[in-house]
Amino acid sequence: MKKLCLLTALLCTFCVSITAQRKDFFKDKKHELRLSLGSVNDDGYHSSRYYVPYGYGYMYQGGYGWYGGDYYEAANYMGATKTLGVIGLSYFYHLPDTRFSFGSTLSYNGYNTNFYQRTDNAKVGHFKEYNLGFTPSVRYAWIVKDWFQLYSGVGVSLYFNSTRYKLEMNEGKKSYESNNTSFEQNVQITPIGFSVGRTIFAFGEANIGGRTGTFVGGIGYRF
C-alpha cells in the first residue's frame, strides 16, 4: 500500500512538473520567426492567356488565337511558366494567457514565361510578373501544446505588383511592349495551419487569397 501511494505521488509530481514546464515554455517563448515557401496563388500565374492589343491577337498556353491579325501571328506559342514559389519571412507574438498570436509576413514571388515561333522555336517575347507583399495577420490556436499547435487565421496582404510584357511582331509590324506597376491589397484567410516541434519547429498551412501562398510550409524558431 505504501509503495502504491508513493508511486501515485511520484506520478502526480511528474504531471505537475510537465504542466509547469509547458506553461513556462510558452511564457518564455512568446516570439516566433518563420521561414516559408509557398505555392503561387496570383491570378496571372494561373491564367491561361496573356493579351495584347486588338490586331495583334492573344497568346495562350497550348496555342494562339487572334482578333484580326494575319496568318503569321498564328505561328507562335507560349512556353512553360517558371517560378521558385512564394518566399516568406514571418514574425509572430504570442499574447500571454490567450490563444491569440499577432504578426506579419514579408513575401516575394516572381514568375515568367517566354513566347516562341513554331517554325524554329526562336524566342519572340516574354511575360514577367513580380509581387512584394506585407501581410499583417492574427491567428487563433484551437489546440495549444508545447510541441503541437493547430490554428486558423485571417489577414490582409498589401503588395506591390510589377508586370512586364513584350512580343516581337514581324512583317512590318512593331513589337508590343508593356510595363505596369501597381499597389494592391487582398484578404487572406487561413482555415487550417499546424506546427510541430518546440523551440525549433516545422509548420504547414493552407491559405485562401493573400500573397503568402496557397499551400505553405517551412521551419520556425521560438524565443
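Computed from a prediction, not measured in an experiment: that's the story for all the values here.

Student: Got a sec to walk through the packing of aromatic side chains? Specific residues and values, please.
Tutor: Scanning the entire structure with this criterion turns up eight aromatic pairs. Arranged with centres 5.8 Å apart and planes meeting at 15°, the rings of Tyr221 and Phe223 form a pair that is stacked. Judged by relative accessible area, which is 40%, Tyr221 ranks as partly exposed. Chaining the aromatic ring pairs together yields one cluster made of Phe100, Tyr140 and Trp142. Across the ring face of Phe203, the terminal group of Arg34 is positioned such that the distance to the ring centre comes to 4.2 Å. Positioned above the aromatic ring of Phe92 is the side chain of Arg139, whose terminal nitrogen or guanidinium carbon lies 4.0 Å from the ring centre.

Student: Got a sec to walk through the side chain of Ser157? Specific residues and values, please.
Tutor: One can find Ser157 in strand β10 (residues 148-167). Assessed through its relative accessible area of 0%, Ser157 is described here as buried. A polar side-chain atom of Ser157 sits 2.7 Å from a polar atom in the side chain of Thr135. Not counting chain neighbours up to four residues away, the residues in contact with Ser157 comprise Phe134, Thr135, Glu184, Gln185, Asn186, Gln188, Gly210 and Arg211.

Student: Describe in detail the environment of Ser182, supporting the description with residues and values.
Tutor: Mapped onto the elements of the fold, Ser182 is located in strand β11 (residues 176-197). For Ser182, a relative accessible area of 24% gives the class partly exposed. Note: C-alpha distance between Ser182 and Asn131 (51 residues apart in sequence) is 9.8 Å. With residues up to four places along the chain from it excluded, the contact list for Ser182 reads Tyr159, Phe160 and Asn161. Separated by 2.8 Å, the side chains of Ser182 and Glu184 make a polar contact.

Student: So what's going on with the nonpolar core? Which residues, and what values?
Tutor: Val40, Met78, Val86, Tyr111, Phe115, Val124, Phe127, Tyr165 and Leu167 together form the largest nonpolar core, which totals nine residues. Of all the elements in the fold, those that place two or more residues in this core are β8 (100-117), β9 (123-144) and β10. If near-sequence neighbours (up to four positions away) are discounted, Val124 is found in contact with Asn76, Phe115, Tyr116, Gln117, Lys166, Leu167 and Glu168. Within the second largest apolar cluster, five residues are counted, among which are Ala141, Tyr151, Phe203 and Val216.

Conventions adopted
- Residues numbered from 1 in each chain as written.
- Predicted model: local features only at pLDDT ≥ 70, side-chain atom pairs only at ≥ 80, totals over all residues.
- Heavy atoms only, no water.
- Phe/Tyr/Trp six-rings, centres within 6.5 Å; stacked < 30°, edge-to-face > 60°.
- Buried < 20%, exposed > 50% of the residue type's maximum accessible area, 1.4 Å probe, protein only.
- Lys NZ or Arg CZ within 6 Å of the ring centre and 35° of its normal.
- Helix = DSSP H or I, 4+ residues; strand = E, 2+ residues; numbered from the N terminus.
- Polar contact = N/O pair within 3.5 Å; in protein donor to acceptor, adjacent residues only side chain to side chain.
- Contact = heavy atoms within 4.5 Å.
- Core = buried A, V, L, I, M, F, W, Y, C linked by side-chain atoms within 4.5 Å.

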